[in-house]
Structures are given as structure tokens and as C-alpha cells.
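Residue-level structural notes
This is what each chain is made of:
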Amino acid sequence: RLEQRELLVPGTRRDLLANRLVVVAAPGEAFSVGEEQALDQCFEGRLALADPDHVPAGVYAREALQHAGWWHPLASRIVPAVDVRAALLLVERGECAAGIVYATDAVSSESVRVVLEIPEQWHSPIVYPVAIVQSSELAASPTAPTPVVDCQALQVSSAVSPSPSVPVQTMASPGSAWSGRAHV
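Remember, predicted model here, so these are calculated numbers, not experimental data. (Residues numbered from 1 in each chain as written. Predicted model: local features only at pLDDT ≥ 70, side-chain atom pairs only at ≥ 80, totals over all residues. Heavy atoms only, no water.)

1. Observations regarding the sheet that holds strand β6 (residues 113–117)
If you trace the five strands from one edge of the open sheet to the other, you get β4-β3-β5-β2-β6, paired in mixed fashion. Only two strands of the sheet have a single partner each, and these edge strands are β4 (78–81) and β6. On average, adjacent strands in this sheet sit at an angle of 30° to one another, irrespective of strand direction. Both strand β3 (residues 47–50) and β4 contribute to a ladder of four bridges, which runs parallel. Opposite Leu49, over in β4, you have Pro80 as the bridge partner. (Pairing = 2+ DSSP bridges. Helix = DSSP H or I, 4+ residues; strand = E, 2+ residues; numbered from the N terminus. Axes fitted to C-alpha atoms, helices over the stretch in contact; angles between N-to-C directions.)

So this is what it looks like as C-alpha cells:
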């Protein structure tokens, strides 16, 4: 949105990290999803996901379910949650048999089990961008630098990966006005 409103320094936006969607099972749920199986036939009960009308994780989940042809068979069993963490909590408590959440949220839970990694091609890219904002001190620099991230400084889960769309640099170029560290 900031880019659309021209509030970013042109050419500085980069996709820093990427995430994935996974299907998780509740404690005690003994099911798996095979290549030839439809998700709706793999478990009984409800499916938690972030609200697909308002929350990015839910929008991605709906795209993936529609791509696979699973949206309509599962529609009456979907429990929309206020956000992805609330969807995960519904599964952790056993209130829903399964859920679709970000991989980063799934690894933070000791209660759920990942039963399917949803292929990235089934939904829009899940990326976390970085850029220089026009109103920042860096924007006033005669040569607006490109954001550079010290990858060794990133403290992230193994579920998050550097975005494949942009090569990641490990140090700022000499004389760069922007050489800060990023913490996720």
C-alpha cells in the first residue's frame, strides 16, 4: 500500500523473507494427506483458518483450497478465526480437527502436527518486504541506498526462508547510508 501511494523510495522495495502454508492436525487426530487424497476426505470435523475475507493467511488458504478443488467440499466445515494464531489455537485445543496456518506458526506449537505442506504454486506468494520510506532520514541521502540485510543477524525460525525473488546480500556496501541489522 505504501508503494501504491508512492511513499517509498523508488527501487528500494525488496522481498526479505518468504513463508509457507501448512495443514496441521489437532492432538490425537490420526490422519495424513496423501498425494491422491482430497483434504476433505482425510479427516472428520472442522477446519480452522484465518478469516478468508479479511486476513492475509486466510486469503492464501482460500486460494490454495480453491486451486486444489477442496474449497467447496470443505466450506461448511471451515471455522474462520480472527487471525492465524487464533486458528492455530483452535486446533491446539482440539476444537477443530485441522487447520491451515503459516509454517512459522506451526513450528511454534508443541501440540499440533504438520500433515501437509501446501505447494507454493497453489496461492499468491507469501513474502515480507523491506523498503526505505520517503519520510525517513535515509530517503534524504543524495544516493538512496538499497536496503541490505545482514543475514547472520536474522534470528528466524527454519520455517521462514529468504525470499527467492531477490538475492540476499550479507553486508552493506562500503559507504552505504543503510547498513543496519534486521531482526525478525
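2. Digging into the environment of Gly58
Within the element layout of this structure, Gly58 appears in helix α1 (residues 56–68). Among the residues examined, Gly58 registers a relative accessible area of 0% and is labelled buried. Put simply, Gly58 and Ala81 are 23 residues apart on the chain and 8.6 Å apart in space, counted from C-alpha to C-alpha. Once residues lying within four places of it in the same chain are set aside, the contact partners of Gly58 are Leu49, Ala50, Asp51 and Pro52. (Buried < 20%, exposed > 50% of the residue type's maximum accessible area, 1.4 Å probe, protein only. Contact = heavy atoms within 4.5 Å.)

3. A few points about the pattern of salt bridges
Applying the stated criterion across every chain, the model contains five salt bridges. Residues Glu117 and Arg20 are paired through a salt bridge, measuring 3.9 Å at the closest nitrogen-oxygen approach. Taken together, the residues span a long stretch of sequence, with Glu117 in strand β6 and Arg20 in the loop between β1 (14–18) and β2 (21–25) at a distance of 97 residues. (Salt bridge = Lys/Arg side-chain N within 4 Å of Asp/Glu carboxyl O.)

4. Notes on helix α3 (residues 84–92)
Along α3, the residues classified as buried are Val84, Ala87, Leu88, Leu90 and Val91. Looking straight down α3, one finds that the buried residues subtend no more than 155° of arc, so they occupy a single side. Considering only its buried residues, α3 is in contact with β2, β3, α1, β4, β5 (98–102) and α4 (103–107). Following α3 by one or two positions, Gly94 has its phi on the positive side, about 80°. (Arc of directions from axis to C-beta.)

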